[in-house]
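# Chains, contacts and geometry: an overview
Next come the chains, spelled out residue by residue.
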Amino acid sequence: MTRLSVNLNKIALLRNARGGRDPDVLQAARACLDAGAHGITVHPRPDARHARADDVLALATLCRERGVEFNLEGNPFAPARPGYPGFVALCRQARPDQATLVPDADGQLTSDHGFDFARDAAVLRQPVAALRALGCRVSLFADAGADVAQAAAVGADRIELYTGPFAEAHARGDASEALERCAATARLAREAGLGVNAGHDLSQQNLAAFLAAVPGVLEVSIGHALVVEALYGGLVPTVRRYLELL
Ligand SMILES: CC(=O)[C@@H](O)[C@H](O)COP(=O)(O)O
Ligand SMILES: NCC(=O)COP(=O)(O)O
């Protein structure tokens, strides 16, 4: 069975827009878990525009209390700065069940590529070993077509297939090639002993097609589309409730 980890970055982004407490990231996490989600993901950025270090610690505690997986995403090579202690240091504090390493540049709008394992393998060994020593399962963000055997060689447990290009192709109506690339990469990863997660721009529109073509995906982390869909789904009843108050 594929497990769903809900990424709450967008809840934190909206909260930060006003500087108050709402929408409350912990309340949102509880709602997702009450609805049956298998875990919670956040991808705090060094600029703290989404989830902050205090959110990470609070979510880690909640997930431990609820016995569900906490997945923390980030770039282990991004330098620490005020409010962001660095990814490995944050994992040392929060002890997520899974640490997903993503090679985002500082200030990048969103994730748009996986690791180049031929280039990055040597530098990945140390953070992967440090995170595993903390008890985290380690997953590496990987493009479809990446040399995933090298991800196994650096000591990772899983890859997370970057599904953005698939989602774009699906929206254009020609996803078959992207799906074949994802399926082939997932197969190679499993042959190398890695588990396979997937994420980025997955949605109610494209998820079933993805999972049908790429069997054996252990976990999908979904945030942006899920929050957008929740807004659309919630607008009508909410406006009606306001009208009743007039
Ligand atoms: C690795 C990945 O794809 C997600 O963590 C994604 O980057 C989250 O998206 P936002 O940071 O844009 O919410
Ligand atoms: N790892 C992907 C993730 O957490 C969520 O990505 P998105 O659904 O916000 O694009």
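Residues numbered from 1 in each chain as written. Chains lettered and ligands numbered in written order. Predicted model: local features only at pLDDT ≥ 70, side-chain atom pairs only at ≥ 80, totals over all residues.

## Re the site of ligand 1
- In the vicinity of ligand 1 lie 14 residues, with Asn9, His43, Thr110, Ser111 and His200 positioned nearest.
- Residues that form the shell around ligand 1 fall into these classes: two nonpolar, 10 polar and two charged. (Near = placed C-beta within 6 Å. Nonpolar A, V, L, I, M, F, W, Y, C, P; charged D, E, K, R; others polar.)

## Some details on the site of ligand 2
- Asn7, Gly199, Ser221, Gly223 and His224 are the nearest of the 14 residues found near ligand 2.
- When contributions to the shell around ligand 2 are tallied by element, the ones reaching two or more residues are strand 8 (219-222) and helix 10 (224-245).
- Residues that form the shell around ligand 2 fall into these classes: three nonpolar, eight polar and three charged. (Helix = DSSP H or I, 4+ residues; strand = E, 2+ residues; numbered from the N terminus.)

## Looking at the UniProt feature "active site" (unreviewed entry) in the protein
- Taking the UniProt record as the reference, the feature "active site" (unreviewed entry) is found at His43, Glu73 and His200. For the residues just named, distributed over 158 residues, the greatest C-alpha separation is only 12.3 Å, placing them together at one site.
- Mapped onto the elements, glutamate 73 comes out in strand 3 (residues 69-74).
- In contact with glutamate 73, not counting residues within four places along its chain, are Thr41, His43, Thr100 and Val102.
- Position of histidine 200 among the secondary structure elements: in the loop between strand 7 (195-199) and helix 9 (207-213).
- Owing to 25 C-beta atoms within 10 Å, histidine 200 belongs among the buried residues under this scheme. (UniProt positions renumbered as here; feature names shortened; annotations may be inferred. Contact = placed C-beta atoms within 7 Å. Buried ≥ 20, exposed ≤ 12 C-beta atoms within 10 Å, placed from the backbone.)

## Things to note about the packing of helix 2 (residues 25-34) against helix 3 (residues 53-66)
- Here helix 2 crosses helix 3 at 30°, and the two axes come no closer than 10 Å. Classified by the interaxial angle, the pair formed by helix 2 and helix 3 is roughly parallel. The hand of the helix 2/helix 3 crossing is right-handed. Contact residues: helix 2 offers Val25, Leu26, Ala29 and Leu33, while helix 3 offers Asp55, Ala58, Leu59, Leu62 and Arg66.
- Among the residues making up the contact of helix 2 with helix 3, the classes are represented as seven nonpolar, no polar and two charged. (Axes fitted to C-alpha atoms, helices over the stretch in contact; angles between N-to-C directions. Parallel < 35°, antiparallel > 145°, perpendicular 65-115°, else oblique. Left-handed = near helix turned anticlockwise from the far one by under 90°.)

## Structural notes on helix 1 (residues 9-18)
- Restricting attention to buried positions, one finds in helix 1 the residues Asn9, Lys10, Ile11, Ala12 and Arg15.
- In this fold, the buried residues of helix 1 make contact with strand 1 (3-7), helix 2, strand 2 (39-42), helix 3 and helix 10.
- Of the residues trailing helix 1, glycine 19 is marked for its positive phi of about 80°.

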